[in-house]
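Given next are the chains, with one letter for each unit.
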Amino acid sequence: MALEDYRETLVGCSKCSYCKFIPLAKINGLKYSDGCPSVAHYGFHTYSGGGRLTAALSLLEGRSGYTEKVKDMVYQCQLCGSCDVTCKVCRYDMEPQAALEEIRARFVEDGQTLEVHDKAMESLRSENNMMSAPASARGDWAAGLGLKEFGRDKCETLFFAGCRCSFDKDGMHVAKVAAEIFQAGGVDFCIMGGMEPCCGGPAYSLGYRADFALQMQKNITVWKEAGIKRIVTPCADCYRAFNRLYRQEGDFGIEALHAVQLADRLIKDGSLKIKKTLPLSVTYHDPCKLGRLGEPYEKWDGATTKIYGAIPKHDPPKPRYNGARGVYDEPRDVLRAIPGLKLLEMARSREAAWCCGAGGGVREAFPDFGFATAKKRLEEAADTGAEILASACPLCERGLADAARAENENLKVYDVLELLRMAL
């Protein structure tokens, strides 16, 4: 797809400003009614989903060109999908999220990139990760666990750690904990260690489509050659890449799960025994890539006509991507399965959740904006009375934990799997 393919979305925006808020049915007060972090932060319509669609149409029609202000508007967006959810409450013919992602791709295609993003891509091309870390250190997190190795040991389930869980010091702990949980649950799995490539998902979000395609093809080829039947990852970015982005290019015939989904299965079928009580009050943060952007891809073959020349009609009906079918229940079920743990919900949750602030390259390019967004989420979490903020995305956890440390917050940030490991 290209930006031109979303012309009807660009033209169809009615400037209703609904994209700035969470769905009206989920609003229970003014304080937590905002949905879009950038327009809430900057207070100007251009920084909303609708504002960006208008700017994209102007660029597409040659009525305006590239300026630093336009670049600023495009890149100060976490691509969190909140505007997509609210727009589709009434407008299922609109595709704001896909259009915003295509704007990024057009910017990259035309050389309108940010230096910090270019450096991340240089790291991807040279070291197979976007964290400027040496590829040789990728499997260090698994030291001493005695795990099966991809290519040496036969296995059908692959544990794919992902870049952040391989190189971030806190993320590495999450990968280790996940592996220990699966060992305890009797899962036969292997890891790629230093051979593991990046999933390519972050490259896609930044607009570097050729690099994404290369990573995707690299992964699918080696998995199929090795006979892999199932992939499990603790990374929300990897999960979305495998279940949505890869499958948009064609079904590659391998099941892909987030680690909390497999943990939930192991608890429910009795393979995993929870032995300890954790008397903790916990609130759960829905990661964008696992929640509203984590809906599995469904192929559609059909035709679109227009009623009275204006109202789109899809035959058969198109799959509806409105955020409702993301991974929401499994992480909560895992937390509820822990004796003594009290789960408290934030005002904005599930498909209406507030972004952590780190996505879309914002953490790297605009750290102050990302930090401000994370602070708002911490405030919302603290208002529940919880002592722990849990999530299932290492990038969310990094951004939220950094903000909590900087603000001297009493709130502690954990991965859901860390809490589960404590209870085994």
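Residue numbers run consecutively from 1 along every chain, following the written order of its sequence. Where local features are concerned, this predicted model is filtered to residues with pLDDT of at least 70; where side-chain atom pairs are given and counted, the filter is 80 or more; whole-chain, interface and lining totals use all residues. Hydrogen atoms and water are omitted, and side-chain values are computed over all heavy atoms in the structure.

With that settled, the discussion passes to unusual backbone geometry. For residues that are not glycine, phi is negative in most cases, and the peptide bond is trans in most cases. Cis geometry is found at the peptide bond from D315 to P316, where omega equals -5°. Think of it this way: any DSSP run of H or I at least four residues long counts as a helix, any run of E at least two long counts as a strand, and we number them from the N terminus. Here P316 lies in the loop between β8 (311–315) and α14 (329–336). In this structure, S132 takes a positive phi of about 55° despite not being glycine. Considering the arrangement of structural elements, one finds S132 in the loop between α7 (115–127) and β1 (148–149). Its identity is not glycine, yet Y308 carries a phi of approximately 55°, on the positive side. Considering the arrangement of structural elements, one finds Y308 in the loop between β7 (303–307) and β8. Under the relative-accessibility criterion, Y308 is labelled exposed at 80%. Relative accessibility under 20% of the residue-type maximum defines a buried residue, over 50% an exposed one, and the middle range a partly exposed one, all with a 1.4 Å probe and only protein chains included.

Site definitions follow a grid-based scheme: protein atoms alone, a 1 Å grid, a 1.4 Å probe that fits but cannot get out for cavities, and for pockets an open set with protein on both sides within 12 Å along at least five of seven lines, plus lining residues having an atom within 4 Å of a point. Grid points are joined across faces, edges and corners, and a volume is the space filled by probe spheres set on the points. Considered as a void within the structure, the largest pocket measures approximately 1300 Å³ in volume. Lining the largest pocket we find 43 residues, and of these M1, Y6, E95, K318 and Y321 sit closest to its centre. Of all elements in the fold, only α1 (7–12), α5 (82–87), α6 (96–109), α12 (236–248), β7 and β8 reach the threshold of two or more residues within the lining of the largest pocket. Classifying every residue of the lining of the largest pocket by side-chain character gives 15 nonpolar, nine polar and 19 charged. Computed from the structure, the second largest pocket encloses a volume of approximately 550 Å³. What lines the second largest pocket is a set of 26 residues, among which M130, M131, R164, P202 and E364 lie closest to the centre. Going through the elements one at a time, α7, α8 (163–167), α10 (201–206) and α12 are the ones with two or more residues in the lining of the second largest pocket. Of the residues in the lining of the second largest pocket, the class split is 14 nonpolar, seven polar and five charged. Three classes are used, and their members are as follows: Ala, Val, Leu, Ile, Met, Phe, Trp, Tyr, Cys and Pro are nonpolar, Asp, Glu, Lys and Arg are charged, and the others, Gly among them, are polar.

With their axes 10 Å apart at the nearest point, helix α3 (residues 49–60) and α6 run at an angle of 45° to one another. Taken together, the axis directions place α3 and α6 in an arrangement best described as oblique. Seen from above, α3 lies across α6 with left-handed handedness. Across the interface between the two elements, G49, R52, L53, A56, L59 and L60 from α3 touch P96, A99, L100, I103, R106 and F107 from α6. Where helices are involved, their axes are fitted lines through C-alpha atoms of the stretch in contact, as for all axes, and angles between N-to-C directions lie from 0 to 180°. Relative orientations are named as follows: roughly parallel for angles under 35 degrees, roughly antiparallel for angles over 145 degrees, roughly perpendicular for angles from 65 to 115 degrees, and oblique for any other angle. A clockwise turn of the near helix away from the far one marks a right-handed crossing, whereas an anticlockwise turn of less than a right angle marks a left-handed crossing. Residues count as neighbours in contact if any of their non-hydrogen atoms are within 4.5 Å of one another.

Time to look at the sheet that holds strand β6 (residues 281–284). Judged by pairing direction, the sheet is parallel, and its four strands sit side by side in the order β9-β6-β10-β11 without closing on themselves. The sheet terminates laterally at β9 (342–344) and β11 (412–415), the two strands that pair on one side only. Direction aside, the axes of adjacent strands within the sheet are offset by 35° on average. Two strands qualify as a pair provided that DSSP identifies no fewer than 2 bridges between them. Where β6 lies against β9, three bridges are found, and the strand directions are parallel. Across the sheet, the residue bridging to V282 is L343, located in β9.

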